[in-house]
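# Results of the structural survey
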Amino acid sequence: MFKKFFKKKKVEEVSEVAVSEEEVLETVEENTEDETIKHIEENVEEIAEDTTSEVEEKIEENTKAEEDIVTEIENEEVLEESTVEEKEEQIQETVTDDVQEKIEEPKVGLFERLRQGLSKAKQGITDRVDQVLKSYTKVDEDLLEEIEEILITADVGVETTMNIIDKLTDAIKTKKITDPQDVKVELKLIIEEILTNENSTLDVSHSPSIIIMVGVNGVGKTTTIGKLASRYKNEGKKVLIAAGDTFRAAAIDQLEVWANRSGVDIIKHQEGADPGAVIFDSIKAAKARKIDLLICDTAGRLHNKSNLMNELSKVFKIIDREYPEAKREVLLVVDATTGQNAVSQAKNFKQVCDITGLVLTKLDGTAKGGVILAVKSEVDVPVKLIGVGEKIEDLQDFDAKAFSDALFG
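This write-up is about the structure you can find in this document. Just so we're clear, the structure is a prediction, and the values are computed from it rather than from any experiment.

### Regarding the overall build of the protein chain
- Assigned secondary structure in the protein chain consists of 14 helices and eight strands.
- Here the protein chain holds 409 residues, and the buried ones make up 41% of them.
- A separation threshold of at least 6 residues defines the contact pool for the protein chain, and within that pool the share at least 24 residues apart is 76%.
- Counting every atom, the protein chain has about 23,700 Å² of accessible surface; 50% of that belongs to carbon and sulfur.

What follows is the structure, given as C-alpha cells:
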C-alpha cells in the first residue's frame, strides 16, 4: 500500500514538474516576445532612420550614376556634332578644291599632257636641232645640211624635208638671218604652217552625224572609238557604236567594254558576221533611237590587199544609201611608231574612201614624231586627232600652234 502511495506520489510529482517546465517555457517565450516587441518599439525610430539613410544613399548613388550617364551622353553628342561639323567642313573644302582644280585645269592641263606626250619626239627633233645650232657661229650650207639630216631621221620624209629646207633657206635670205639661234624660230614657224589646216577640227555638231573609223589592225581604232564615245557622251550627245570589225578576235568584246564604260549603246553581231549587215542594222537603230552620233568600227585591213579594201567600199555604199542625211567624218587611224609605213597606209586608204581626217596615235611612244609632217603634207589630209597617252583626255583635238609650241618649247 505504501508502495502504491509512493508510486502515485512520484507520478504526481513528475506531472507537477512537467507542468512546471511547460509553464516556465511559456513564460520564457512570453517574456522573449515581449522583450523583442519592446526592443523593436524602443528602437523603431532608430531602425527607421538607419533604413531611410540607406535608401537615401542608394538613391543618391543611382542619381549620381544617372547624372554621369547623362553627362557622358551629352559629351558624346557634342563630340559627335563637332566631328560631323569637322567632316562637313573637310568635305566642303575638298569639293571646293576639286571644283577649283577642274575650273583651272583644262587648258593648262591639256597642253602639259601634250608637252609630256611629245617629250620623245622633242628629243628626236628639236633637242638635236638645239645641239647643232650651239655648235655653229654662223648660218651656212653645212648647218642646213645637218638640220636636213635630223628631219629625215625623224621620219619627216625626204619630200617633206626638202620642202622645209627650201622654205627655211628662203626665209634666211629674205630676213637676212645670221644668228643660228634665229634659225630655230623660222623652223618652228614653217612646221606650224605645214600642219595648219582650216578643216583640222572634227565636226560632229550636226545631228545626226556619223564617224567611220578605218585603218589596219593594231593602230588603235577600237581605243580611239571608245575615247570619242566617252567624250561626246559627256558633252550630252546620244551616241551609238557599231561593232563593224567582225573579223579580228575579241574586237567586239573590246569595243563592248568601252561602250559599257562610256555608258553608250552598241550594235553587234557574232564574230565573223558580215560587216555590212552590222552597219545596216546600226543605221536603222540610230534612226529609230534618234541618235546624235553613230561611230562605226571597221575591220582592220592590209592596205596592199585589194580584195579586202573592196570590202570596205561596200560599207560606204550602204552608208550612202541608208544614211545620206548624216554629216560624215571618215577618220584614218595611223600609228606614229610605224614611221613611213603610216604614209603608205594613208595613200592607199585615200584611194578607196574619201578620208576627211587623220588620227595619229601613240605619238608619246616614238622619238620620230616627224611622221605627222610627212602624213599631213604627202597625203594632203588634215590631222584632226592625236594620241599622246593612255587616258581619255590624252586623245586631243589637233592644234598646229599648240603642237609646235610643245615640240619646240
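### As for unusual backbone geometry
- The omega torsion of the bond from Ser207 to Pro208 falls at 5°, within 30 degrees of zero and hence cis.
- Mapped onto the elements of the fold, Pro208 is located in the loop between helix H7 (180-195) and strand S1 (209-214).
- Of note in this structure, Asp380 is not a glycine but carries a positive phi near 55°.
- Considering the arrangement of structural elements, one finds Asp380 in the loop between helix H13 (371-379) and strand S7 (383-387).

### With respect to the layout of surface pockets
- Roughly 420 Å³ of internal volume is contained in the largest pocket.
- Forming the boundary of the largest pocket are 18 residues, of which Leu110, Arg231, Glu393, Leu395 and Gln396 lie nearest the centre.
- Going through the elements one at a time, helix H2 (106-117), helix H8 (221-234) and strand S8 (395-397) are the ones with two or more residues in the lining of the largest pocket.
- Of the residues belonging to the lining of the largest pocket, the class tally is eight nonpolar, three polar and seven charged.
- There is about 310 Å³ of room inside the second largest pocket.
- The wall of the second largest pocket is formed by 20 residues, among which Val219, Gly220, Thr223, Thr361 and Lys362 lie closest to the centre.
- No other element matches H8, which puts five residues into the lining of the second largest pocket.
- Here the residues of the lining of the second largest pocket sort into three nonpolar, ten polar and seven charged.

### With respect to the packing of aromatic side chains
- Tallying each qualifying case throughout the model produces one aromatic pair.
- Ring plane angle 55° and centroid distance 5.5 Å describe the contact between Phe398 and Phe403, whose orientation is recorded as tilted. There is no split in this pair, since Phe398 and Phe403 are both buried.
- Residue placement shows Arg231 over the ring face of Tyr232; its charged tip is 5.7 Å from the ring centre.
- In this arrangement the basic side chain of Arg261 is found over the ring face of Trp258, its NZ or CZ atom lying 4.4 Å from the centre.

Reading the values: rules and limits
Residues numbered from 1 in each chain as written. Predicted model: local features only at pLDDT ≥ 70, side-chain atom pairs only at ≥ 80, totals over all residues. Heavy atoms only, no water. Helix = DSSP H or I, 4+ residues; strand = E, 2+ residues; numbered from the N terminus. Buried < 20%, exposed > 50% of the residue type's maximum accessible area, 1.4 Å probe, protein only. Contact = heavy atoms within 4.5 Å. Areas by Shrake-Rupley, 256 points an atom, 1.4 Å probe, with all protein chains shown as cover. 1 Å grid on protein atoms, 1.4 Å probe; cavity = no way out; pocket = protein on both sides within 12 Å on 5 of 7 lines; lining within 4 Å. Points joined across faces, edges and corners; volume = space filled by probe spheres on them. Nonpolar A, V, L, I, M, F, W, Y, C, P; charged D, E, K, R; others polar. Phe/Tyr/Trp six-rings, centres within 6.5 Å; stacked < 30°, edge-to-face > 60°. Lys NZ or Arg CZ within 6 Å of the ring centre and 35° of its normal.

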